[in-house]
Every structure is written in C-alpha cells, then in structure tokens.
Amino acid sequence: MSDSLADLADKQAITELIHAYCRAVDRLDVPLGRSIWHEDGYADYGAGYYQGPGRDVIDRICQDHLGLVSHSHLVSNILIRLDGEDAGSEAYVNASLRLMREGAHHQIGVRARYCDRWQKRGDRWGLLHRVVVFDHQEIREVRPMPGHGLPAARDRSDPSYRVLAGGRPEHNEMETR
C-alpha cells in the first residue's frame, strides 16, 4: 500500500476508535469502551473527576451514566497527525445528558475536546493517553418533547447493534418495544 493510502487507513482506524468510544459511553458498553485503550493507557478527565488507568475510566463513566435519563455524545473536527507508529489527535466532543432533579428534567451540555496520543502495536491502533479539555459546561431545566419514533436503548438491545452486525430491523420494530 502506498504511504498516502496507509496514512488514510491509519487515520480511519483512529477515527473509528474515537467514534466507538462515544458509542460505548452512550450504550453503556463497557467492553467496547475498554477495547479502544492499550493496557498501559492513561486517562485524565481532570483531578475532580478521573485520573488513572485508561481502561478503567469507562467503568466510572458508565456507572455515573446509570443515574441519567439519557445521554448522547457526538464527536467532530477530528484532526490526526501521524508519526510512524505514533499519532496525536484532537476531537471536539458535544455531550448532552438528561437527568431528573427535584422532579424536573435538567439537561447538561458539555463542550470539550479529546486530546489523545495513540500508538500502533502490531496491526492495532490503541489509545495511550487522553486529556479531556473542557471548553464549557452548562445545566438547565428543560421540558421534554412528547415521545415519537423508536426510543434509544442504553444497552445491546439498541437497534444499532443488530444493524451493525448485519441484521435487518423489523418493519414493526417500534411496535415491539
């Protein structure tokens, strides 16, 4: 493979790992979240939240998310710089988290960036070091919209697992949930 195609393949592999991490958080899929890290990886989400082994941060996040009504994490503006078997990346993160407080719905909005160091070992890229930079955060009371469409599931029963595994959703899937 030419250098430019190999670079594109490496950048795509890292991008997919960043996306998989957000999927793991939103579906509370701890094994998926742990899989993006190298065993000796380190996560720094700030002294007030979590600093420690990378694979363990997903346990903390998923445990905390169990107390939420819903959550959605999106990444964008992914920049990746390759340096042989090492790479650095910055990805903008927008997180929307819904919780109940004193009988009312509240929404937390987070704008942050994942500043990551990656390393390719064998043919596998893995996360070696993550620093999360928080640009701003907010919490406000909200009124939920009436439900419509197929609701998300925060586990492997979410329809996306079936589709990504090659399964076909049923036409009446909304009626069966």
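Residues numbered from 1 in each chain as written. Predicted model: local features only at pLDDT ≥ 70, side-chain atom pairs only at ≥ 80, totals over all residues. Heavy atoms only, no water.

Undergrad: I would appreciate a short explanation of the pairing of strand β1 (residues 37–44) in the present structure.
TA: Side-chain positions along a regular strand alternate between the two faces of the sheet. Where β1 and strand β6 (residues 124–141) come together, 4 bridges link them in parallel fashion. Within β6, the residue paired with aspartate 44 across the bridge is valine 131. The sheet contact formed by β1 and strand β2 (residues 51–53) spans 3 bridges and is antiparallel. Note on β2: the bridge partner recorded for aspartate 44 is glutamine 51. (Pairing = 2+ DSSP bridges. Helix = DSSP H or I, 4+ residues; strand = E, 2+ residues; numbered from the N terminus.)

Undergrad: Teacher, can you tell me more about the environment of valine 93 here?
TA: With respect to the secondary-structure elements, valine 93 resides in strand β4 (residues 86–101). For valine 93, a relative accessible area of 5% translates into the label buried. Put simply, valine 93 and serine 4 are 89 residues apart on the chain and 27 Å apart in space, counted from C-alpha to C-alpha. Residues within four places of valine 93 in sequence aside, it is in contact with Leu74, Val75, Val110, Arg111, Ala112, Arg113 and Tyr114. (Buried < 20%, exposed > 50% of the residue type's maximum accessible area, 1.4 Å probe, protein only. Contact = heavy atoms within 4.5 Å.)

Undergrad: Can you help me understand the pattern of salt bridges in this one?
TA: As a working rule, side chains carrying opposite charge can pair if their charged atoms are close by. What the rule picks out here adds up to 12 salt bridges. A salt bridge links arginine 55 to glutamate 39, with the nearest nitrogen and oxygen atoms 3.8 Å apart. Taken together, the residues arginine 55 in helix α3 (residues 54–65) and glutamate 39 in strand β1 connect sequence positions 16 residues apart. With relative accessibility at 68%, the residue glutamate 39 sits in the exposed group. Put simply, aspartate 40 and arginine 121 hold a salt bridge, and the shortest N to O gap is 3.1 Å. You can see aspartate 40 sitting in strand β1 and its partner arginine 121 sitting in strand β5 (residues 104–121), a full 81 residues away along the chain. We classify aspartate 40 as partly exposed; its relative accessible area is 48%. (Salt bridge = Lys/Arg side-chain N within 4 Å of Asp/Glu carboxyl O.)

Undergrad: When you look at the packing of aromatic side chains in this model, what are you seeing that I'm missing?
TA: For any two aromatic rings, the description comes down to two numbers: the centre-to-centre distance and the angle of the planes. For the structure shown, the criterion picks out 1 aromatic pair. Here tyrosine 21 and tyrosine 114 contribute two aromatic rings whose centre-to-centre distance is 5.8 Å and whose plane-to-plane angle is 85 degrees, an arrangement assigned as edge-to-face. Of this pair, tyrosine 21 sits in helix α1 (residues 3–26) while tyrosine 114 sits in strand β5, and the two are 93 residues apart along the sequence. Over the face of the ring belonging to tyrosine 49 we find arginine 60, whose NZ or CZ atom lies 4.1 Å from the ring centre. A cation sits over an aromatic face here: arginine 130 above tyrosine 114, 3.7 Å from the ring centre. (Phe/Tyr/Trp six-rings, centres within 6.5 Å; stacked < 30°, edge-to-face > 60°. Lys NZ or Arg CZ within 6 Å of the ring centre and 35° of its normal.)

Undergrad: It is not clear to me how unusual backbone geometry should be interpreted in this structure. Could you clarify?
TA: Glycine aside, residues mostly have negative phi angles, and peptide bonds mostly take the trans form. A positive phi is found at leucine 28, a non-glycine position, where the angle reads about 55 degrees. Along the chain, the position of leucine 28 falls in the loop between α1 and α2 (30–35). In this structure, glutamate 102 takes a positive phi of about 55 degrees despite not being glycine. Here glutamate 102 lies in the loop between β4 and β5.

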